[in-house]
Amino acid sequence: MRFLWLLLALLAPVAAQAQDRLVVMSFNVRYPSPNDGANVWEKRRDLFVETVAAAAPDVIGTQELFQLQGDHLVAKLPQYSWFGIDRRGGHADEHMGVFYRRDRLKLVEQGNFWLSDTPDVVASISWGNIFPRMVTWGLFETKAGKRFYLLNTHFPYREEDEAAREKCAELIRKRIAALPKGVPVVLTGDFNTAPESRSHAALAETLADARTAVARPTGPEATFHGFKGVADRRIDWLFTRGFTVRGYRTIDTHRGELYPSDHYPVVATLAWPRTR
C-alpha cells in the first residue's frame with residue numbers, strides 16, 4: 001500500500017503537467033493525386049497514420065485533406081474525430097480538416113469562413129484567386145475546463161498570388177482580433193510564402209510564430225520538400241496568442257524514399273497561461 005501511494009505521488013505532477021500542456025500539429029497531407037507515382041496516397045497512407053500516432057497531438061490542423069484521407073486516419077486512430085467542409089462547401093474537394101482527441105478535448109463550437117471580400121459566402125473567391133480559400137475553426141475545451149480557439153487555413157500558391165496572400169492574412173488577423181481576449185488562440189496552415197513576407201508580418205503583429213518563440217526548435221527549418229526529402233521553404237506555420245511555446249519541432253519521418261506527404265508537419269507544445 002505504501003508503494004502504491006508513493007507511485008501515485010510520483011505520477012501526480014506528471015499528470016498535472018500533461019493537463020497544462022497542449023500539443024498542436026499542422027500538416028499539409030497532400031491530396032490523393034493519381035499522378036504522384038511512387039508517392040500515391042495508397043502507398044503512403046500508413047506512414048501518414050504512423051507519423052500522427054508518434055507525435056500524439058491533441059489537435060491537428062490539416063491542409064489539402066480529402067474526405068477519404070480524414071476517414072482513414074480516424075479509422076486507424078479512433079481516439080480522434082475530425083470536422084470540416086471542403087472549400088466549395090461540400091465534401092468532394094480539399095478540406096481544412098481539424099482533428100482532435102475526444103478523450104482530451106471537447107468541441108464546443110465550429111465554423112468556416114472564406115478568404116474573400118464576402119467571407120461568409122460559401123466558396124466565394126476574390127483577389128484573383130483561382131480556387132476558393134478558407135478557414136475552418138473550432139472552439140475547444142479541455143477536461144479541466146480551459147478553452148482555446150484553433151483556426152486552420154491554406155493560402156493560394158502561385159508566385160503572382162502574393163498580394164492575395166496579404167489580403168488573406170489581414171482578414172484572418174482581423175477575425176482573430178475579434179475573438180474574446182481571454183481565450184488563447186492557435187493558427188495553423190500552409191501559407192505558401194516565406195517568413196520574410198508581408199503576410200507573415202501581418203499575422204505576427206498580434207500572434208507569435210511558434211518556431212521563433214523557442215530557443216531551440218528541432219528538425220529542419222524548411223517544410224516543403226516535394227517528396228524529395230530536401231525541404232527548401234518554410235511555408236507551414238503555427239502561430240499562437242495567449243500561450244507560452246515550450247517546444248517546437250519539424251518532423252521529417254520517412255521510410256526509405258517514402259514520405260507521408262510532400263510537406264513536413266510541424267508540432268508545437270504549448271503551455272496554458274497562468275491564472276492568479
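Further up the page is the structure itself.
Residues numbered from 1 in each chain as written. Predicted model: local features only at pLDDT ≥ 70, side-chain atom pairs only at ≥ 80, totals over all residues. Heavy atoms only, no water.

> Could you give me a rundown of the nonpolar core, with the residues and numbers involved?
In this structure, Phe 113, Leu 115, Tyr 149, Leu 151, Ile 172, Leu 187 and Leu 203 are the most contacted members of the largest nonpolar core, which totals 23 residues. When residues of this core are traced back to their parent elements, those giving at least two are β6 (134-142), β7 (147-154), α4 (162-177), β8 (185-190), α5 (198-204) and β10 (236-241). Leave out the neighbours within four places in its chain, and Leu 151 touches Phe 113, Val 135, Thr 136, Trp 137, Ile 176, Leu 179, Val 185, Val 186, Leu 187 and Thr 188. Grouped together as the second largest cluster of nonpolar side chains are 21 residues, Leu 22, Tyr 100, Ala 210 and Leu 238 included. (Core = buried A, V, L, I, M, F, W, Y, C linked by side-chain atoms within 4.5 Å. Buried < 20%, exposed > 50% of the residue type's maximum accessible area, 1.4 Å probe, protein only. Helix = DSSP H or I, 4+ residues; strand = E, 2+ residues; numbered from the N terminus. Contact = heavy atoms within 4.5 Å.)

> Go over the pattern of salt bridges, please, and point to the residues and values.
Summed over the entire model, instances satisfying the criterion amount to 17 salt bridges. Linking Glu 50 and Arg 255 is a salt bridge whose minimum nitrogen-to-oxygen distance equals 2.9 Å. In this pair, Glu 50 is assigned in helix α2 (residues 41-55) and Arg 255 in the loop between β11 (244-250) and β12 (266-271), connecting sequence segments 205 residues apart. Exposure remark for Glu 50: the relative accessible area of 42% places this residue in the partly exposed category. Its relative accessible area of 42% is what places Arg 255 among the partly exposed residues. Asp 209 is the salt-bridge partner of Arg 234, the closest N and O atoms lying 2.9 Å from each other. Remark: Asp 209 occurs in strand β9 (residues 208-209) and Arg 234 occurs in the loop between β9 and β10; sequence separation between them is 25 residues. We classify Arg 234 as buried; its relative accessible area is 7%. We classify Asp 209 as buried; its relative accessible area is 5%. Look at the salt bridges and you will find they share partners, linking Arg 87, Arg 88, Asp 93 and Glu 94 into a network. (Salt bridge = Lys/Arg side-chain N within 4 Å of Asp/Glu carboxyl O.)

> Tell me about the sheet that holds strand β3 (residues 80-83), and please be specific about residues and values.
Ordered by their spatial adjacency, six strands build an open sheet running β3-β4-β2-β1-β12-β11, and the pairing between neighbours is mixed. Edge positions in the sheet fall to β3 and β11, since each of these pairs with one other strand and no more. Between one strand axis and the next, the sheet turns by 20° as a mean value, whatever way the strands run. Relative to strand β4 (residues 98-101), strand β2 (residues 59-63) runs antiparallel, the two being bridged by three bridges. Directly across from Val 59, in β4, lies its bridge partner Tyr 100. Of the strands in this sheet, β1 (21-28), β2, β3, β11 and β12 touch α2, which is tilted by about 160° from β1. (Pairing = 2+ DSSP bridges. Axes fitted to C-alpha atoms, helices over the stretch in contact; angles between N-to-C directions.)

> Could you give an account of the environment of Val 108, naming the residues involved and the relevant values?
With respect to the secondary-structure elements, Val 108 resides in strand β5 (residues 105-114). Overall, the relative accessible area of 33% leaves Val 108 in the partly exposed class. Contact partners of Val 108, with chain neighbours within four places excluded, come to Leu 139, Phe 140, Glu 141 and Arg 147.

> If you had to explain the side chain of Glu 141 to someone new, which residues and values would you point to?
Here Glu 141 is to be found in strand β6. Only 2.7 Å separates the side chain of Glu 141 from the side chain of Arg 147, close enough to count as a polar contact. In contact with Glu 141, not counting residues within four places along its chain, are Arg 104, Leu 105, Lys 106, Val 108, Lys 146 and Arg 147. (Polar contact = N/O pair within 3.5 Å; in protein donor to acceptor, adjacent residues only side chain to side chain.)

> Outline the pairing of β1, listing residues and values.
Counting buried residues along β1, seven of its eight residues qualify, which places the element largely inside the surrounding structure. In this structure, β1 lies alongside β12, joined through six bridges in antiparallel fashion. Directly across from Val 23, in β12, lies its bridge partner Thr 269. Across five bridges, the pairing between β1 and β2 is parallel.

> Describe the environment of Glu 42, and please don't skip the residues or the numbers.
Structurally, Glu 42 can be placed in helix α2. When its relative accessible area of 52% is taken as the criterion, Glu 42 is described as exposed. Residues Glu 42 and Pro 32 lie 10 residues apart in sequence; the distance between their C-alpha atoms is 8.2 Å.

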